[in-house]
Amino acid sequence: MATLLAQLGRWSFLHRWTVVAAWVVLVAVVGTSAALFKGPTPENSFSIPGTESQQAIDTLAERFPAASGSSATIVITGPAGTTVTDPAVQAQAQRVLAAAQQLPHVVPGPAGVTTVTSPDGAVLMAQLRYDVQTAELGDSDRTALKALGGPERAAGLTVEVSGELVQGGQGAISPLEGVGLLLALAVLVVTFGSLLAAGMPLLTGLVGVAVGVGGLVALSGVVEVSSTAPILALMLGLAVGIDYSLFIVSRHRSQLATGMRPEDSAALAVGTAGSAVVFAGLTVMIALVGLTLVGIPFLGSMGLVAAATVLITVLVALTLLPAMLGLAGERLVPVPGSRVARRQARGNTMGERWVRLVTRFPVLVVIGVVAGLGALALPVQDIQLGLPSAGTAPPESTQRKAYDLVAQHLGPGVNGPLTIVVDTRGSGADVTQSASRVAAALRAVSPDVAQVTAPMAAPSGDLALVNVVPRSGPDSEETTELVRTIRDAAPGLGADTGSVVQVTGPTALGIDVSQGLSSALPLFLVVVVGLALLLLAVVFRSVLVPLKAAAGFLLTVGASLGCVVAVFQWGWLSGLLGVDTPGPITSFLPVLLVGLLFGLAMDYEVFLVTRMREEHVHGADPDEAVRVGFREGARVVTAAALIMTSVFVGFALSDDPITKSIALALAIGVLIDAFVVRMTLVPAVLALFGRRAWWLPAWADRVLPRVDIEGEQLDGERQALQAAAEDDPPVPSEVR
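Residues numbered from 1 in each chain as written. Predicted model: local features only at pLDDT ≥ 70, side-chain atom pairs only at ≥ 80, totals over all residues. Heavy atoms only, no water.

Colleague: Teacher, can you tell me more about the overall build of the chain here?
Modeller: Broken down by element type, the chain carries 25 helices and 11 strands. Expressed as lengths along the three principal axes of its C-alpha atoms, the size of the chain is roughly 95 × 50 × 45 Å. Long-range pairs, those at least 24 residues apart, make up 81% of the contacts in the chain with a sequence separation of at least 6. Accessible surface, the chain: about 28,400 Å² in total, of which carbon and sulfur atoms supply 63%. A distance of 9 Å separates the average location of the 43 positive side-chain charges in the chain from that of its 56 negative side-chain charges. (Helix = DSSP H or I, 4+ residues; strand = E, 2+ residues; numbered from the N terminus. Contact = heavy atoms within 4.5 Å. Areas by Shrake-Rupley, 256 points an atom, 1.4 Å probe, with all protein chains shown as cover. Lys, Arg positive; Asp, Glu negative; His and termini not counted. Charge placed at Lys NZ, Arg CZ, Asp CG, Glu CD.)

Next comes the structure, spelled out in structure tokens:
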């Protein structure tokens, strides 16, 4: 592989204008397609086929379409000192509701808008029902809903809206993500000491995500794409795209500093560092594609989208980057006597001191790291999963204001009613009587039932709906327990009334998704860890290195999830980190975090341990191999981790709770894995085991395929090029 990549790097270097032009054309084509064919990106398309709530939704879509569409909540209050029952306020409110009735896709007639007034007269809540699902509504519908009551608002009326359609606009990309790019650029400038060298990884990362995310947006016109998917692809694509190019540029400049010609250096850098990039990108893609094994469509599609973007960033690093190195030519050669040249000559002295300290007391280091990360993981025992609701939206958002008004004046459970489907098809029972008996029984099923509405029968005459309003909010454990209680009682209720009783609605759907993801996590974790053991055994020809890497990965995941629970659920440092309202952890975050951190952790494992094994293969004793490999790889791994963290921090500034939680979890995970696990625990363990760390049974050595990550196949070419460079070194340009 190393030889093939070196040939690709040399070809791209020599045909630089052709390669650059091809990528420019591709970016233009993808961008134009995205502008022409962009479709809606609904926010809340989370569902798991086969769950009770989804089965009930499918039944309603087939037999009671008027009750299966999307819905929105309109909350109206009058000026201070008035109530919604005052004639003037009431007249204004009716004008707002009349305008709502005229919105596209709203169910015509009284069923389209139903209202309830709070006991104190402070709030009028209207339920707006659409005849289509949220995925079929677009930005124009969202804008029209939010614009309701413009004249009345100007006259002093307060009109707030909530619901799936309103939340669907939260996933948009904002300028705040640029903060992460600026931080990444600063790290690159410090690392390379050159704006030209620093700009290359940033530019290639942007090209990669432009093609990846642009292609996804173009496809959204023909396939349903959740608004979280482009954000995830952008976040991950930028992070790994910049990092992959960083590793190649860093190797290239190191070789230029020793006198190697730019063309030869670019080929060798792509053949050596590029091999590690290919393997690292492959691990990330496999982990993301592995999300399809969970059996949850929306999570699998997010994984596939992100994996495709990572693939594009790898291709950019292997082709466009060497072409750009060709355009830069000798201008990347460090100027003799400059800070960069002096640093290159003396090596990474800070890394040298750190690795000597770690390897001097390996037992104490291992115990300290394991104990510390274990302590950070303790909050995971209290983890509570759920889907984001309006109650966790930013306080200044209209959906959060509507949520708080309803909770204050009508009760928190009104924000998350449960829909009970009573189906008498095939039994011959009267659906109205059956539903009435079910409703009567539900009033006494639990103290957490605040209200049970009268049944609403479908035109078919064999299906009816009953709404149950809990006393507690949709995110509370009490509501989750109420759903379990009703479902436990459902078989008995069905037998007594000749019907099938099912619980659905957004709250029940969120509970089912959380439970499904919790059940899928152990299996996914086993698959990911098993994959890590196999891939690393192939790369490092070792038994201990894969076991150590997998154990470190588990420590990283546990500590990261523990920090997420402490911040987002317990509220620790929530004000400092911009978490407005603590609540349940996004249900798919643990599975997503396992998949993403696996790929990213293996990146650092490969880039750091590869240099250690390279020294060991070339004859260094185990301790020296660890120290030299760490000294050579620590600076670039440190820069890569800081860049990736910077990108994630930029996304953590988002107001969208899903984006914020994913970005913050990844930022914490990368910092822990890079600095605590890979750069502290790894050298300590390798020093502790010495030569045994690189042992592999003879039978496994014969069976496992050989992957030339270290570029051993290029050793002869490397030595020849180095000898030629010493005889005829290039003259560095003073242009920086």
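Colleague: Looking at this model, I keep getting lost on the environment of Ser 162. Mind explaining?
Modeller: Along the chain, Ser 162 falls in strand β4 (residues 158-163). Exposure remark for Ser 162: the relative accessible area of 10% places this residue in the buried category. Sequence separation of Ser 162 and Ile 74 is 88 residues, and the distance between their C-alpha atoms is 6.6 Å. The contact partners of Ser 162, leaving out residues within four places of it in the chain, are Ala 72, Thr 73, Ala 390, Gln 399 and Ala 402. (Buried < 20%, exposed > 50% of the residue type's maximum accessible area, 1.4 Å probe, protein only.)

Colleague: How should I be thinking about helix α12 (residues 297-328) in this particular structure?
Modeller: One full turn of an α-helix is made of 3.6 residues, so residues set three or four places apart face in the same direction. The terminal C-alpha atoms of α12 lie 45 Å apart, and with 32 residues this matches the ideal 46 Å at 1.5 Å per residue to within 8%. Maximal helix bending in α12 amounts to about 35 degrees, located at Ala 317. For α12, the tally of buried residues reaches 25 of 32 residues, placing the bulk of the element in the interior. Residue Gly 329 follows α12 closely and has a positive phi angle near 60 degrees. (Expected span 1.5 Å × (residues − 1). Bend = angle between axes of the 7 residues up to and from the residue.)

Colleague: Would you mind showing me how to read the sheet that holds strand β2 (residues 113-117) here?
Modeller: The strands making up a sheet are joined through hydrogen bonds of the backbone, oriented either antiparallel or parallel. The strand order β2-β3-β1-β4 describes an open sheet built from 4 strands, whose pairing is antiparallel. Sheet topology places β2 and β4 at the edges, where each strand pairs with a single neighbour. Adjacent strand axes in the sheet meet at a mean angle of 20 degrees when their direction is disregarded. Strand direction decides the pairing type here: β2 and strand β3 (residues 124-129), joined by 5 bridges, are antiparallel. Bridge pairing links Thr 114 to Gln 127 in β3. (Pairing = 2+ DSSP bridges. Axes fitted to C-alpha atoms, helices over the stretch in contact; angles between N-to-C directions.)

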